[in-house]
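The primary structure of each chain is shown beneath.
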Amino acid sequence: MQLWVYDAGSDSGIDFTAPDFPISPPNPIYLLTTLRVDTDFQDGVQYQTKQHIGTFKFERVD
């Protein structure tokens, strides 16, 4: 299962290094899109490579 990156909608800082600016009530959760100089994500995947942030592998253990 591929992992997409989401924004929780609870902070309005302009990038990941900005101070916290809490939002009340929070915005809806959505796929993360950031500035290219920040984390380089668009619609939840890395902008240039289109790779997901990670994967989960589920395995049944009896």
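A brief look at the structure comes next. (Residues numbered from 1 in each chain as written. Predicted model: local features only at pLDDT ≥ 70, side-chain atom pairs only at ≥ 80, totals over all residues. Heavy atoms only, no water.)

1. What to know about the overall build of the chain
For step 1, the next point in the chain: Each helix and strand counted, the chain has zero helices and six strands in total.
For step 2, the next point in the chain: Expected size for 62 residues packed as a compact globule is a radius of gyration near 11 Å; at 14 Å, the chain overshoots this value by more than 25%.
For step 3, the next point in the chain: Along the three orthogonal principal directions, the C-alpha set of the chain runs to about 45 × 30 × 20 Å.
For step 4, the next point in the chain: Residue pairs in contact within the chain that sit at least 24 positions apart in sequence constitute 35% of those at least 6 positions apart.
For step 5, the next point in the chain: Per element, the accessible surface of the chain, about 5,300 Å² overall, is 57% carbon and sulfur.
For step 6, the next point in the chain: Treating the 4 positive side-chain charges of the chain as one cloud and the 9 negative ones as another, the clouds have centres 13 Å apart. (Helix = DSSP H or I, 4+ residues; strand = E, 2+ residues; numbered from the N terminus. Rg over C-alpha atoms; globule rule 2.2 N^0.38 Å. Contact = heavy atoms within 4.5 Å. Areas by Shrake-Rupley, 256 points an atom, 1.4 Å probe, with all protein chains shown as cover. Lys, Arg positive; Asp, Glu negative; His and termini not counted. Charge placed at Lys NZ, Arg CZ, Asp CG, Glu CD.)

2. Side note on the packing of aromatic side chains
For step 1, the next point in the chain: Following the criterion strictly, the structure yields one aromatic pair and no others.
For step 2, the next point in the chain: Taking 6.0 Å as the distance between ring centres and 35° as the angle between the ring planes, the aromatic pair formed by Phe56 and Phe58 counts as tilted. (Phe/Tyr/Trp six-rings, centres within 6.5 Å; stacked < 30°, edge-to-face > 60°.)

3. Describing the pattern of salt bridges
For step 1, the next point in the chain: Inspection of the entire model under this criterion finds one salt bridge.
For step 2, the next point in the chain: Of the charged contacts, one joins Arg60 and Asp62 as a salt bridge, the two residues approaching to 3.0 Å between their closest N and O atoms. (Salt bridge = Lys/Arg side-chain N within 4 Å of Asp/Glu carboxyl O.)

4. A look at the side chain of Gln46
For step 1, the next point in the chain: When you line up the elements, Gln46 lands in strand E5 (residues 45-46).
For step 2, the next point in the chain: Polar side-chain contacts of Gln46 include one of 2.9 Å to the backbone nitrogen of Gln48.
For step 3, the next point in the chain: Those residues in contact with Gln46 that lie beyond four places of it in its chain are Asp40, Phe41 and Gln51. (Polar contact = N/O pair within 3.5 Å; in protein donor to acceptor, adjacent residues only side chain to side chain.)

5. Considering the environment of Ala18
For step 1, the next point in the chain: As for its position among the elements, Ala18 is in the loop between strand E2 (6-7) and strand E3 (30-31).
For step 2, the next point in the chain: The spacing of Ala18 and Trp4 is 14 residues in sequence and 23 Å in space, taken between C-alpha atoms.

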